[in-house]
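Summary of the model geometry
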Amino acid sequence: MDTISIIVPCCNEEATLPYFREELQKTADSMSAANDLTFEFLFVDDGSTDQTLELLRRFARQDSRIRYLSFSRNFGKEAAIYAGLQNCAGNYAAVMDADLQDPPSLLPEMYRLLQSGEFDSVATRRVSRKGEPPIRSFFARGFYRLINKISDADIVDGARDFRLMKRRMVDAIVSMGEYNRFSKGIFGWVGFRTKWLPYENVERVAGETKWSFWKLFKYSLQGIVAFSTAPLAIASVAGIVLCFAAFVMICYIVIKTLIFGDPVGGWPSLACMVMFMGGIQLFCTGILGQYLAKTYLETKRRPIYIIAETDQDALE
Ligand code: UDP
Ligand code: MG
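The following refers to the structure shown.

Cut-offs used in this document
- Residues numbered from 1 in each chain as written.
- Chains lettered and ligands numbered in written order.
- Predicted model: local features only at pLDDT ≥ 70, side-chain atom pairs only at ≥ 80, totals over all residues.
- Heavy atoms only, no water.
- Helix = DSSP H or I, 4+ residues; strand = E, 2+ residues; numbered from the N terminus.
- Rg over C-alpha atoms; globule rule 2.2 N^0.38 Å.
- Buried < 20%, exposed > 50% of the residue type's maximum accessible area, 1.4 Å probe, protein only.
- Contact = heavy atoms within 4.5 Å.
- Areas by Shrake-Rupley, 256 points an atom, 1.4 Å probe, with all protein chains shown as cover.
- Lys, Arg positive; Asp, Glu negative; His and termini not counted.
- Charge placed at Lys NZ, Arg CZ, Asp CG, Glu CD.
- Polar contact = N/O pair within 3.5 Å; in protein donor to acceptor, adjacent residues only side chain to side chain.
- Pairing = 2+ DSSP bridges.
- Axes fitted to C-alpha atoms, helices over the stretch in contact; angles between N-to-C directions.
- Phe/Tyr/Trp six-rings, centres within 6.5 Å; stacked < 30°, edge-to-face > 60°.
- Lys NZ or Arg CZ within 6 Å of the ring centre and 35° of its normal.
- Near = heavy atom within 4 Å.
- Nonpolar A, V, L, I, M, F, W, Y, C, P; charged D, E, K, R; others polar.
- Donors = N, O, S within 2.8 Å, 3.2 Å for Na, K, Ca; no water.

1. Some details on the overall build of the chain
Helices and strands together make up the secondary structure of the chain, namely 11 helices and eight strands. At 25 Å, the chain has a C-alpha radius of gyration far larger than the 20 Å of a compact globule built from 316 residues. Principal-axis analysis of the C-alpha atoms places the extent of the chain at approximately 90 × 40 × 35 Å. Out of the 316 residues belonging to the chain, those deemed buried represent 44%. Contacts in the chain between residues far apart in sequence, at least 24 positions, make up 83% of those at least 6 positions apart. Per element, the accessible surface of the chain, about 17100 Å² overall, is 62% carbon and sulfur. With 36 positive and 36 negative side-chain charges, the chain shows a spacing of 5 Å between the two charge centroids.

Now the structure itself:
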């Protein structure tokens, strides 16, 4: 008999959780009725400051399929996904947002595709970005174009974290215990045969998004640093280009001085050049610093998350 673990990272989702649970249960019940199939719902409370944990405790009491983990503070969605995958028991696992932006109605189709044996994972992507600020969509598209050029993880534009995976793939992801996690990259990096299901963007049922533009921007930089070393090459390339430019300028100045004299001209251009070079050097040192910082955090080997409470505590 198959068990599907549904992993749900939740951070301050008191407004959405009741709707989500209802929708999910409806889908799960109809799937269980049609197949030889059980479910495990694993909610990961990522340091919520509202009534989320209280709700989860109640859910777990009401339904034995529902389990929860609660973090000691906010560790971020990536950590919540990792905790869920590490602690789930099913031979299939799916990651889903709590705000119904990942429609549970896609699950039967996803499960059917995996059962055919042709795929190891079924992932979803939004084909539209309806309801999103245009400026955000513009930067998001640019980010996907860039990261696909400079990294070997295949990252699909509009890819959601919503996907159903077989146990093999879950184990592969759990084996990647890196501290700086970028799930979209990790999912792509582990490989496996993945089927992409496109769907229209759905807006969140209630509550608010936790992602400000600035947070998304930092997240995208983190993704680039985690999955590409191309920026490190900028220093070398800039160095070569500038050396060549300098060589051309030296030739030009030597010849000009030999023909026309004028030894003291060119102070403004000199000042500009010094500034320019200083800028390039600082920029490249900054990039080095980014990688060094990530390496530093990685070498500390801190835990990715800390659990403060689980559904087991409530039973004791
Ligand atoms: N989330 C989380 N920890 C965080 C931020 C978000 O676990 O620090 C969860 C959140 O509860 C939701 C999912 O990640 O289930 C996606 O968050 P959100 O809907 O705010 O992001 P968006 O859909 O706008 O990208
Ligand atoms: Mg959302």
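2. Structural notes on the side chain of E309
By the element assignment, E309 lies in strand 8 (residues 307-310). Under the relative-accessibility criterion, E309 is labelled buried at 15%. Side-chain polar atoms of E309 contact the side chain of R57, separated by 2.8 Å. Setting aside its immediate chain neighbours within four residues, E309 contacts L53, R57, Y68, L69 and S70.

3. Some points on the sheet that holds strand 2 (residues 37-45)
Across the sheet, which stays open at both edges, the eight strands sit in the order 7-5-6-4-1-2-3-8 with mixed pairing between neighbours. Edge strands, defined here as strands with exactly one partner in the open sheet, are strand 7 (194-199) and strand 8. The mean angle between the axes of side-by-side strands here comes to 20 degrees, regardless of whether they run parallel or antiparallel. Of the pairings in the sheet, the one linking strand 3 (residues 66-71) to strand 8 comprises three bridges and is antiparallel in character. In the strand pairing of strand 8, F71 is matched with I307. Across the sheet, helix 6 (residues 167-175) touches strand 4 (92-95), strand 5 (121-126) and strand 6 (159-166), and the angle it forms with strand 6 is around 120 degrees.

4. A closer look at the packing of aromatic side chains
Evaluation of the coordinates by the stated rule reveals 15 aromatic pairs. A ring pair is formed by F20 and F43, whose centres lie 6.2 Å apart and whose planes are at 90 degrees; its orientation type is edge-to-face. On the criterion of sequence distance, the pair formed by F20 in helix 1 (residues 17-34) and F43 in strand 2 is long-range, its members being 23 residues apart. F43 matches F20 in its accessibility class, with the two residues each being buried. Plain terms: the ring middles of Y92 and Y111 are 5.5 Å apart, the flat faces sit at 75 degrees to each other, and that makes the pair edge-to-face. Of the two residues, Y92 is situated in strand 4 and Y111 in helix 4 (residues 107-115); the sequence distance between them amounts to 19 residues. Neither Y92 nor Y111 differs from the other in exposure class; each is buried. In this structure an aromatic cluster arises from ring pairing among F143, Y144, F182, W211, Y219 and F227. Stacked on the ring of F59, the Lys or Arg R21 has its end atom at 4.5 Å from the ring centre. Sitting over the face of the ring of W211, K215 holds its NZ or CZ atom 5.8 Å from the ring centroid.

5. A few points about the site of ligand 1
Surveying the vicinity of ligand 1 reveals 16 residues, the closest of which are E13, D46, D99, Q101 and T209. Here A98 contributes a backbone N or O atom positioned 2.9 Å from an oxygen atom of ligand 1. Coverage of ligand 1 by the protein chains reaches 89% of its 530 Å² of free accessible surface. Looking at side-chain class alone, the shell around ligand 1 contains five nonpolar, four polar and seven charged residues.

6. Considerations on the coordination of the magnesium ion (ligand 2)
The magnesium ion (ligand 2) binds to the protein through D99 (OD) and Q101 (OE1); the donor distances cover 1.8 to 1.9 Å. D99 gets classed as buried once you look at its relative accessible area, which sits at 3%.

Note that all results are geometric; they support no functional claim without further evidence.
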